[in-house]
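Listed below, chain by chain, are the residues.
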Amino acid sequence: MFEHPQLEALSAVIRLGSFDAAAVQLGVTASAISQRIKQLEDRVGAVLVLRGQPCTPTPMAEKLVVHNDQRHLLERELAADLGLRTQAADPVRIAVNADSLGSWLLPALAQVEGFLFDLIIDDQDHSEAWLKRGEVAAAITSRETALQGCDCYPLGRLQYFATSSPEYMQRYFAQGLSAAAFAQAPALTFSTKDRLQRDWVASVIGAPVSLPTHYIASSHGFVDAALLGIGWGMNPKYLVEEHIAAGRLVCLAPDHVMETPLSWQVNRLTAQAIAPITRAVRKAAKVL
């Protein structure tokens, strides 16, 4: 129904944000990319790309890009069933939370060949939305039951410690953990979706507290900021246990550990095609 070169051109423009970048990736001229997009728009009778910096997709274009991703994976599965060897690596989009990516996930992906990973970073409480929209083949989420049309594999529970430098602890919490102290001590927050710090304080104090905060959208940046005394934050055990053991970081309340359940949700339509990724992720998650 659709010409594959046209779909590839559309996907490249949407993913890379420009016709020139898409042309470089596909090894053709920018005018060829423009012509393929125009032909596809004529085919569907609608505008697909909103020109700009960057170019953005219309809702119909988003569906066509998802279709193209699924086509790649399904053709890979068919080739395997027929005993054919595939030469090119296939792109696969996965929604992952930053703390998994910054700690245990990359070693898992390193064990899998034949794929080009397109990782979408989102909070584990929100990553399932990417699956619901059909924009990713799999996601790491905090949801413990399967989404409709997906298989769900529990991965374990990611432990978080509230940590700061010893000097920071002495400066802000010498008199103990109180609502007044937390209202003065700058926290570290990943993004506006990140509720870990607020939820942890509420569990310790017994009531919500308005926290002054730095926004740092990096798991390793969180750790560095805590080491430098910029703020306190909820850091994954996997990233801070050596710093705690060495005394470079301290736990604000060692008995108050927060755990976040993680699961691997995979779209059943392409589950078989990315089964090697699923096996590697489940194996690597045993460290949790």
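This text goes with the structure placed above it.
Residues numbered from 1 in each chain as written. Predicted model: local features only at pLDDT ≥ 70, side-chain atom pairs only at ≥ 80, totals over all residues. Heavy atoms only, no water.

1. So, the side chain of Ser-263
Link 1 in the chain: Turning to its location among the elements, Ser-263 is positioned in strand E11 (residues 258–267).
Link 2 in the chain: Polar contacts involving the side chain of Ser-263 include one to the main-chain carbonyl oxygen of Arg-143, which spans 2.5 Å.
Link 3 in the chain: Discounting chain neighbours no more than four positions away, the residues touching Ser-263 are Ala-139, Ile-140, Thr-141, Arg-143, Cys-152, Tyr-153, Pro-154 and Leu-155. (Helix = DSSP H or I, 4+ residues; strand = E, 2+ residues; numbered from the N terminus. Polar contact = N/O pair within 3.5 Å; in protein donor to acceptor, adjacent residues only side chain to side chain. Contact = heavy atoms within 4.5 Å.)

2. Considerations on the packing of aromatic side chains
Link 1 in the chain: Applying the stated criterion across every chain yields a total of 7 aromatic pairs.
Link 2 in the chain: Ring centres of Phe-115 and Phe-117 lie 6.5 Å apart, and the angle between their planes is 25°; on these two criteria the pair is classed as stacked.
Link 3 in the chain: Residue Phe-117 is classed as partly exposed on the basis of its relative accessible area, which comes to 29%.
Link 4 in the chain: The interplanar angle of 40° and the centroid separation of 4.6 Å between the aromatic rings of Tyr-168 and Tyr-172 together place this pair among those described as tilted. (Phe/Tyr/Trp six-rings, centres within 6.5 Å; stacked < 30°, edge-to-face > 60°. Buried < 20%, exposed > 50% of the residue type's maximum accessible area, 1.4 Å probe, protein only.)

3. Notes on the nonpolar core
Link 1 in the chain: Ranked by size, the top nonpolar core spans 45 residues in total, and within it Trp-200, Trp-232 and Ile-277 carry the most contacts.
Link 2 in the chain: With 18 residues, the next largest nonpolar core counts Phe-19, Ala-22, Leu-40 and Val-49 among its residues. (Core = buried A, V, L, I, M, F, W, Y, C linked by side-chain atoms within 4.5 Å.)

4. Digging into helix H4 (residues 59–81)
Link 1 in the chain: Here H4 contains 23 residues, and its C-alpha end-to-end distance of 33 Å stays within 8% of the 33 Å for a straight helix at 1.5 Å per residue.
Link 2 in the chain: Turning to H4, the residues buried within the fold contact helix H1 (4–16), helix H3 (30–44), strand E2 (56–57), strand E3 (90–96) and strand E4 (115–121).
Link 3 in the chain: Following H4 by one or two positions, Gly-83 has its phi on the positive side, about 75°. (Expected span 1.5 Å × (residues − 1).)

5. Some words on the pairing of E11
Link 1 in the chain: With respect to burial, E11 is a largely interior element, 9 of its 10 residues being buried.
Link 2 in the chain: As judged from the 4 bridges shared by strand E5 (residues 138–141) and E11, these two strands associate in the antiparallel manner. Among the inter-strand pairings, Ile-140 is bridged to a residue of E11, identified as Trp-264.
Link 3 in the chain: With 10 bridges connecting them, strand E6 (residues 150–164) and E11 associate as antiparallel partners. Each bridged residue has a counterpart across the sheet, and for Tyr-160 the counterpart in E11 is Met-258. (Pairing = 2+ DSSP bridges.)

6. So, the pattern of salt bridges
Link 1 in the chain: Throughout the structure, instances matching the rule amount to 15 salt bridges.
Link 2 in the chain: Between Asp-118 and Arg-15 there is a salt bridge, and its shortest N-O distance comes to 3.7 Å. Taken as a pair, Asp-118 in strand E4 and Arg-15 in helix H1 lie far apart in primary sequence, 103 residues in all.
Link 3 in the chain: A residue is classified by how much of its surface remains accessible, and Asp-118, at 23% relative accessible area, is partly exposed.
Link 4 in the chain: Residue Arg-15 is classed as partly exposed on the basis of its relative accessible area of 30%.
Link 5 in the chain: Connected through shared salt-bridge partners, Arg-15, Asp-69, Arg-93 and Asp-118 make up one network. (Salt bridge = Lys/Arg side-chain N within 4 Å of Asp/Glu carboxyl O.)

7. Some words on the packing of H1 against helix H2 (residues 19–26)
Between two packed helices, both the angle of their axes relative to each other and the distance between the axes serve to describe the pair.
Link 1 in the chain: Two elements in contact, H1 and H2, have axes separated by 8 Å at closest approach and are oriented at 125°. What the angle tells us is that H1 and H2 run oblique. The handedness of the crossing between H1 and H2 is right-handed. Two secondary-structure elements touch here, H1 through Glu-8, Ala-9, Ala-12, Val-13 and Leu-16 and H2 through Phe-19, Ala-21, Ala-22, Gln-25 and Leu-26.
Link 2 in the chain: Residue composition of the contact of H1 with H2, by class: 8 nonpolar, 1 polar and 1 charged. (Axes fitted to C-alpha atoms, helices over the stretch in contact; angles between N-to-C directions. Parallel < 35°, antiparallel > 145°, perpendicular 65-115°, else oblique. Left-handed = near helix turned anticlockwise from the far one by under 90°. Nonpolar A, V, L, I, M, F, W, Y, C, P; charged D, E, K, R; others polar.)

8. Overview of a nonpolar patch on the surface
Link 1 in the chain: A contiguous nonpolar patch, built from Leu-78, Leu-82 and Leu-84 and spanning about 320 Å² of accessible area, is present on the exposed surface.
Link 2 in the chain: According to the relative accessible area criterion, Leu-84 is exposed, its value standing at 52%. (Patch = residues over 30% accessible without salt bridge, like charges linked within 9 Å, V, L, I, M, F, W, Y side chains within 5 Å. Areas by Shrake-Rupley, 256 points an atom, 1.4 Å probe, with all protein chains shown as cover.)

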